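Chain by chain, the residues:
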Amino acid sequence: TMRVRVNSIYTFRPVMLDVFDSKVCGGIKEGDRVRVVNLPGCPKANTMNHCHIETLDGTFGGMVCCNSLVKD
């Protein structure tokens, strides 16, 4: 399993879990650059191999599998 770092920027390349059971919102699509964030009151990044993401302009993007994020 891949571990991600909060505030780091990744490219979103969805694995099967995120394709079939998507929790992605905010118009994020494959190939978009996103930032990993920790939200108050929510599990921290890497908990059960998931994390929350946002666009580079700060729009909330949802929860994704850490394996869907690729470091460039």
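Here the structure is a predicted model, which is why all the values come from computation and not from measurement.

Draft legend 1. Geometry of the environment of glycine 27. Here glycine 27 shows up in the loop between strand 2 (23-24) and strand 3 (33-37). Relative accessible area serves as the criterion here: at 61%, glycine 27 is assigned to the exposed category. Between the C-alpha atom of glycine 27 and that of valine 4, which follows or precedes it by 23 residues, the distance is 21 Å.

Draft legend 2. Representation of the sheet that holds strand 1 (residues 9-12) within the structure. With antiparallel pairing, the six strands of this open sheet are ordered in space as 2-5-4-3-1-6. Of all the strands in the sheet, the pair left with one neighbour each is strand 2 and strand 6 (69-70). The pairing of strand 4 (residues 50-55) with strand 5 (residues 60-65) spans five bridges and is classified as antiparallel. Its bridge partner lying in strand 5, histidine 50 is registered against cysteine 65.

Draft legend 3. Up close: unusual backbone geometry. Its identity is not glycine, yet asparagine 46 carries a phi of approximately 85°, on the positive side. With respect to the element layout, asparagine 46 can be found in the loop between strand 3 and strand 4. Non-glycine residue asparagine 49 carries a positive phi angle of around 60°. Relative to the helices and strands, asparagine 49 resides in the loop between strand 3 and strand 4. Using a relative accessible area of 16% as the deciding quantity, one classes asparagine 49 as buried.

Draft legend 4. How the structure looks around the state of the cysteines. For the coordinates displayed, the defined rule picks out zero disulfides. Free of any disulfide, cysteine 51 has its nearest neighbouring cysteine sulfur in cysteine 66, separated by 4.1 Å. For cysteine 51, a relative accessible area of 2% gives the class buried.

Draft legend 5. View of the environment of threonine 55. As for its placement among the helices and strands, threonine 55 is situated in strand 4. Measuring from C-alpha to C-alpha, the distance between threonine 55 and valine 34 comes to 4.8 Å, with 21 residues separating the pair along the chain. Among all residues touching threonine 55, those that are not within four sequence positions of it are Ile28, Arg33 and Arg35. A polar contact of 2.3 Å, which involves the side chain of threonine 55, links it to the side chain of aspartate 57.

Reading the values: the criteria
- The numbers attached to residues start from 1 for each chain and follow its sequence in the written order.
- Residues qualify for local features only when their pLDDT is at least 70, as the model is predicted, and side-chain atom pairs are given and counted only at 80 or more; totals for whole chains, interfaces and linings, by contrast, use all residues.
- Computation of side-chain values: all heavy atoms of the structure, hydrogens and water removed.
- Only DSSP runs of H or I reaching four residues or more are called helices, and only runs of E reaching two or more are called strands; each is numbered from the N terminus.
- Relative accessible area decides the class of each residue, using a 1.4 Å probe on protein chains only: under 20% of the type maximum gives buried, over 50% gives exposed, and in between gives partly exposed.
- Two strands qualify as a pair provided that DSSP identifies no fewer than 2 bridges between them.
- Criterion for a disulfide: a pair of cysteine sulfur atoms within 2.5 Å.
- Between two residues, a contact is recorded if the distance between any of their heavy atoms is within 4.5 Å.
- N or O atoms closer than or at 3.5 Å make up a polar contact, with two conditions inside protein: a donor-capable atom paired with an acceptor-capable one, and, for residues adjacent in sequence, both atoms drawn from side chains.

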